[in-house]
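Next come the chains, spelled out residue by residue.
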Amino acid sequence: MGSKQENKVLVVDDEEAILELLKYNLEKQGYEVKTASDGITGVEIAKKFLPDLILLDIMMPNQDGVETCRQLREVPDLHGAFIIFLTARAEEYSEVAAFDVGADDYITKPIKPRALMSRIGAYFRRESKKKPTTNQINLGDLIIDRTSYTVKLSDEEVSLPKKEFELLYFLAQNPNKVFSRDDLLQNIWGTDVYVLARTVDVHIRKVREKIGGAYITTVKGVGYKFSLN
């Protein structure tokens, strides 16, 4: 990610007033913005626009935000994009469903524009500060490439959303070192983005489902580590 003037944001929401409000505030901050009023259109625009960040409503007609997010995460060119859900639903199962399909964050309505702009800025600032010591990690059958945000297992590409990738990459860079949930939250999500501790568990579970359970080990009562046998 470059400076915020170079960052592109897509807003997908079926409420016209919210689209206008967010578009106005985002453009005021210097972002390039496109909008869509439903999930199907949002996916089509995203494939061409290639946004760096997507603000996505959950409750929409024809295709809800969860399915839309799932489809967005299947687009290779969007693997590095942030996806933040905006929703009036605050139930825990909705939040877990959002993270299950690859969301990076989950914000409940009503939207507070200044707070949201600050949160978006925090994502881009954190991204711009990342200076990985190496771009590729080779661990036998597992190859993790930070440049292309790709993971290969036994020569088969594994699709990981941005935060799942960063979690795996961080743990693999520090093999056999145990990290608590708080450590992982701070290193992957940052201190200026509020995310619940259970988010780490959800992301770990999703990574294990895709690359197998042997690589990431749970250390009971402490946290997680990347195991090298």
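Quick caveat, the model's predicted, so the values are computed rather than measured.

The rules behind these values
- All residue numbers refer to positions counted from 1 along the written sequence of the respective chain.
- A pLDDT threshold of at least 70 governs which residues receive local features in this predicted model, and a stricter bar of 80 or more applies before side-chain atom pairs are shown or counted, although totals over entire chains, interfaces and linings include all residues.
- Side-chain calculation: all heavy atoms of the structure are included, whereas hydrogens and water are not.
- Numbered from the N terminus, helices here are DSSP runs of H or I no shorter than four residues, and strands are runs of E no shorter than two.
- Residue contacts are defined here by distance: any two heavy atoms, one from each residue, within 4.5 Å place the two residues in contact.
- Two strands are said to pair when DSSP picks up at least two bridges between them.
- Between N-to-C directions, angles cover 0 to 180 degrees, with each direction set by a line fitted to C-alpha atoms, over the stretch in contact for helices.
- Here a polar contact is recorded for every N or O atom pair within 3.5 Å, except that within protein the pair must consist of a potential hydrogen donor and a potential acceptor, and residues adjacent in sequence are included only if both atoms are side-chain atoms.
- Residues enter a nonpolar core if they are buried and are Ala, Val, Leu, Ile, Met, Phe, Trp, Tyr or Cys, with the set joined through side-chain atoms within 4.5 Å.
- Accessible area is worked out with a 1.4 Å probe on protein chains only. A residue is then buried under 20% of its type maximum, exposed over 50%, and partly exposed in between.
- The term salt bridge refers to a pairing of a side-chain nitrogen on Lys or Arg with a carboxyl oxygen on Asp or Glu at a separation within 4 Å.
- The predictor attaches a confidence to each residue, and that confidence, scored 0 to 100, is pLDDT.
- Between 30 and 60 degrees the pair is tilted, below 30 it is stacked and above 60 it is edge-to-face, where a pair is any two Phe, Tyr or Trp rings, Trp via its six-membered ring, whose centres lie within 6.5 Å.
- Two conditions define a charge sitting above a ring: the NZ of Lys or the CZ of Arg must be within 6 Å of the ring centre, and it must be within 35 degrees of the ring normal.

Asks: For this particular structure, what's the right way to read the side chain of R73?
Replies: Relative to the helices and strands, R73 resides in helix α3 (residues 65-73). In this structure, R73 is in contact with L78, H79, A81, F82, I83, V101, G102, D104, S159, P161 and K162, ignoring residues within four places of it in sequence.

Asks: Would you mind going over the sheet that holds strand β7 (residues 142-145) with me for this structure?
Replies: Remark on secondary structure: sheet strands pair via backbone hydrogen bonds, oriented parallel or antiparallel. Here we have four strands laid out as an open sheet, ordered β6-β7-β8-β9, and antiparallel in their pairing. The open sheet terminates on both sides in strands that have one partner only, identified here as β6 (136-139) and β9 (156-158). Within this sheet the neighbouring strands show an average axis-to-axis angle of 20°, counted without direction. Relative to β9, strand β8 (residues 150-153) is paired through three bridges, and the arrangement is antiparallel. Residue pairing in the sheet places V151 in a bridge with V158 of β9.

Asks: Mind showing me how you'd approach the pairing of β8 here?
Replies: Where a strand is regular, its side chains alternate between the two sheet faces. In the sheet, β7 pairs with β8 via four bridges, with the strands oriented antiparallel. Bridging from a neighbouring strand, D145 pairs with T150 of β8. Taking the residues that link successive antiparallel strands as the turn, the β7-β8 hairpin has four residues, and the phi of Y149 there is positive, at about 55°. The loop that links β8 with its antiparallel partner β9 comprises two residues; one of these, S154, has a positive phi angle of about 55°.

Asks: Mind showing me how you'd approach the side chain of D57 here?
Replies: Tracing the chain through its elements places D57 in strand β3 (residues 53-57). Polar side-chain contacts of D57 include one of 3.3 Å to the side chain of K109.

Asks: Hey, could you run me through the nonpolar core in this one?
Replies: Nonpolar side chains in soluble globular proteins tend to end up buried together. The biggest cluster of nonpolar side chains holds 47 residues, and the ones touching the most others in it are L26 and L55. Here this core takes seven residues from helix α6 (residues 162-173), the largest share from any one element. Sequence-distant contacts of L55, that is, excluding residues within four places in its chain, are made with V9, L10, V11, V12, L22, L26, I84, L86, L116 and I120. Grouped together as the second largest cluster of nonpolar side chains are 23 residues, M60, L72, V101 and A103 included.

Asks: Help me understand the pattern of salt bridges in this model?
Replies: Between side chains of opposite charge, a pair can form as their charged atoms come close. The full count for this structure, using the stated rule, is 15 salt bridges. As a salt-bridge pair, R119 and D105 come within 2.8 Å of each other at their nearest N and O atoms. Of the two residues, R119 is situated in helix α5 (residues 113-129) and D105 in strand β5 (residues 105-108); the sequence distance between them amounts to 14 residues. In this structure, a network of salt bridges that share partners links the residues D13, E15, D57 and K109.

Asks: It is not clear to me how the confidence of the model for the protein should be interpreted in this structure. Could you clarify?
Replies: As a general rule, the predicted coordinates of low-pLDDT regions are not to be interpreted in detail. In this model, the protein carries a mean pLDDT of 86, and residues with pLDDT of at least 70 account for 89%. Low pLDDT, under 50, characterises residues 1-5; the predicted model gives this stretch 13 contacts beyond four residues in sequence or across chains.

Asks: Where do I start with the packing of aromatic side chains in this structure?
Replies: When we look at a pair of aromatic rings, we describe it by the centre distance and by the angle of the planes. Using the criterion set out here, one finds seven aromatic pairs in the structure. Taken together, a centroid distance of 6.0 Å and an interplanar angle of 70° make the contact between F82 and F124 edge-to-face. Here the residue F82 occupies a position in strand β4 (residues 82-87), and F124 occupies one in helix α5, the gap between them amounting to 42 residues. Chaining the aromatic ring pairs together yields one cluster made of Y31, F82, Y123 and F124. Looking at K8, its charged tip hangs above the ring of F49, at a distance of 5.0 Å from the centre. Between the NZ or CZ atom of K162 and the centre of the ring of F82, over which it lies, the distance is 4.8 Å.

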